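Report on the structure
This is what each chain is made of:
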Amino acid sequence: MSTDIDDQTNTADATTDEPASNAGPTNDARSSDSSEERVESWCRTVTAINGVPISPGNQLDILRNGEQIFPAMLDAIDNAERSIDLLTYVYWAGEIGGVFAERLAQRARAGVRVRVLLDGVGAKPIDREMVDLMQSGGAEVRYFRPLDPRHPFRASHRTHRKVMICDETVGFTGGVGIADEWMGDGRSEGNWRDTHVRLVGPGVAGLRSAFLDNWIETEHVLFEPAFDHFPPHAENGDVPIQIIKGTAEPGWNDISMTVRSLIELAEDRIRLTTAYFVPDDDLVLRLCRAAERGVDVQILLPGPGADKRFVQLAGEAIYDRLLDHGVKIWCYQPSMLHAKILTLDGLVTLIGSANFNQRSTSLDEEVDIVAFHEGVTAELDADFDADLEHSEAIDPTRWRRRWIGQQVFERAASVIKPWM
């Protein structure tokens, strides 16, 4: 490696709380542990750090791209008998938005309580006719923190959560928004690559809490006995999970704490897929230190299909530092990569709405799932491998020789990094 990472600690945001470089057991000790023992160790450690209880006995189904995600969500809507709660940052005008509006209106007309919460900024492009359609069917449609000149500082604090719960028994979360950009297989231009999950089991209560946490700002009724039964959740699978809610607050929220602890615990491999990669200096430091201690750190990011070039430039400003410490970076080529997935040591997965940027860790409301399960992680690692076949690696030598104008743009974009 070309630089001693300890020389860079003075640039970190949290220099008084530097991550230990020897987190976790040694390689020799680890080799004698079974996968099951290691997963149990992760569960205990992460729970002690973030204080979020483990929900055992869940079924977690991985859904890839709009061609799988939208049919699964619409099927759950069609089969709902009592309640549907939908929270999303993105709900834009277009074909799929119209389909969702019609299906939600149909269930509302059938007597199902339908609540739709749209972010006041992210969902501004929605077609007003879609809102009218849902409301005419009886659905309650609200906006989370709509822009208000009397409260200008609230404009930066959005809900970026994507949550749907039907009949209090099945939940969805991940990266997908309700827009035509997500229709398709994620392998061709204009069809965004994304991953969502379908959850059945005790963990659904955590997703419900993430919805209510934002809904309560628009409606002060916490529950209605006719629709909210709080049923016991049978153990439908074997996946222990945590539901991590990130809130807009100073300092490190629960998602920020969890991400940092997971990176520190990794011993073999870290695989990160994210749409917007603008980490603070502390997170960069932790990734570099992981690579320094022998962890294979792999990062998959958007390539030419990136929808926000200025955000991409701010992330590119730190490529040099990462590459110098052995971190591997790929850029996805076919379309916009929008998934948010972190897998660690082939055993543990973090997946949800949060990106690897400062907006997700301090400015936005987010929700993630931590799945302590080798099978789930293996499935997402296989997806990572498949995505690499459609990606180009950043060559460190060529990157260092990049055009000087590119470097100027990177520095300019970095000026507003704390708000990205």
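Look a little higher up for the structure.
Re unusual backbone geometry
- Of note, the phi angle at Asp167 is positive, near 55°, even though the residue is not glycine.
- Looking at the secondary structure, you find Asp167 in the loop between strand 5 (163-166) and strand 6 (170-174).
- Positive phi, normally seen in glycine, also occurs at Glu168, with a value near 60°.

Description of the layout of surface pockets
- In this structure, the second largest pocket encloses a volume near 250 Å³.
- If you list the elements that add at least two residues to the lining of the second largest pocket, you get helix 9 (309-316), strand 17 (391-393) and helix 13 (396-400).
- Along the lines of polarity and charge, the residues of the lining of the second largest pocket split into six nonpolar, three polar and four charged.

Here's the deal with a nonpolar patch on the surface
- Judged by side-chain polarity, Leu222, Phe223 and Phe230 come together as a nonpolar surface patch covering roughly 330 Å² of accessible area.
- As for its position among the elements, Phe230 is in the loop between helix 6 (204-215) and strand 8 (239-246).
- Overall, Phe230 belongs to the partly exposed group, its relative accessible area being 47%.

Focus on the pattern of salt bridges
- Taken as a whole and judged by the stated rule, the model has 35 salt bridges.
- Between Asp385 and Arg271 there is a salt bridge; the shortest N-O distance is 2.6 Å. Of this pair, Asp385 sits in helix 12 (residues 374-388) while Arg271 sits in strand 9 (residues 269-273); the two residues are 114 residues apart in sequence, bridging distant segments of the chain.
- By relative accessible area, Asp385 is classed as partly exposed at 38%.
- Across the salt bridge formed by Asp307 and Lys308, the nearest N and O atoms sit 3.2 Å from each other.
- For Asp307, a relative accessible area of 31% gives the class partly exposed.
- Classification of Lys308 by relative accessible area gives partly exposed; the value is 35%.
- In the salt-bridge network here, residues are joined through shared partners; they are Arg82, Arg113, Glu168, Arg208, Glu224 and Asp228.

Side note on the pairing of strand 16 (residues 366-372)
- A large share of strand 16 lies buried, amounting to seven of its seven residues.
- By the alternation rule, side chains of strand 16 split into Glu366, Asp368, Val370 and Phe372 and Val367, Ile369 and Ala371, which are all buried.
- The pairing of strand 8 with strand 16 spans six bridges and is classified as antiparallel. Opposite Gly246, over in strand 16, you have Glu366 as the bridge partner.
- Pairing of strand 14 (residues 348-352) with strand 16, which is carried by five bridges, proceeds in the antiparallel orientation. In the strand pairing of strand 16, Val348 is matched with Phe372.

Here we look at a negative patch on the surface
- Judged by side-chain charge, Asp33, Glu36, Glu37 and Glu40 come together as a negatively charged surface patch.
- Following the sequence through the fold, Glu37 ends up in helix 2 (residues 35-50).
- Residue classification places Glu37 among the partly exposed positions, given a relative accessible area of 41%.

As for helix 5 (residues 128-137)
- Burial in helix 5 covers these residues: Met130, Val131, Met134 and Gly137. Taken end-on, helix 5 shows its buried residues confined to a sector of 135°, consistent with a single buried face. Residues of helix 5 that are exposed and point over 90 degrees away from its buried face: Glu129 and Ser136.
- Buried residues belonging to helix 5 abut helix 4 (95-109), strand 3 (113-119) and strand 4 (140-144).
- Just past helix 5, the residue Gly138 takes up positive phi, approximately 110°.

Conventions adopted
- Residues numbered from 1 in each chain as written.
- Predicted model: local features only at pLDDT ≥ 70, side-chain atom pairs only at ≥ 80, totals over all residues.
- Heavy atoms only, no water.
- Helix = DSSP H or I, 4+ residues; strand = E, 2+ residues; numbered from the N terminus.
- 1 Å grid on protein atoms, 1.4 Å probe; cavity = no way out; pocket = protein on both sides within 12 Å on 5 of 7 lines; lining within 4 Å.
- Points joined across faces, edges and corners; volume = space filled by probe spheres on them.
- Nonpolar A, V, L, I, M, F, W, Y, C, P; charged D, E, K, R; others polar.
- Patch = residues over 30% accessible without salt bridge, like charges linked within 9 Å, V, L, I, M, F, W, Y side chains within 5 Å.
- Areas by Shrake-Rupley, 256 points an atom, 1.4 Å probe, with all protein chains shown as cover.
- Salt bridge = Lys/Arg side-chain N within 4 Å of Asp/Glu carboxyl O.
- Buried < 20%, exposed > 50% of the residue type's maximum accessible area, 1.4 Å probe, protein only.
- Pairing = 2+ DSSP bridges.
- Lys, Arg positive; Asp, Glu negative; His and termini not counted.
- Charge placed at Lys NZ, Arg CZ, Asp CG, Glu CD.
- Arc of directions from axis to C-beta.
- Contact = heavy atoms within 4.5 Å.

Note that all results are geometric; they support no functional claim without further evidence.
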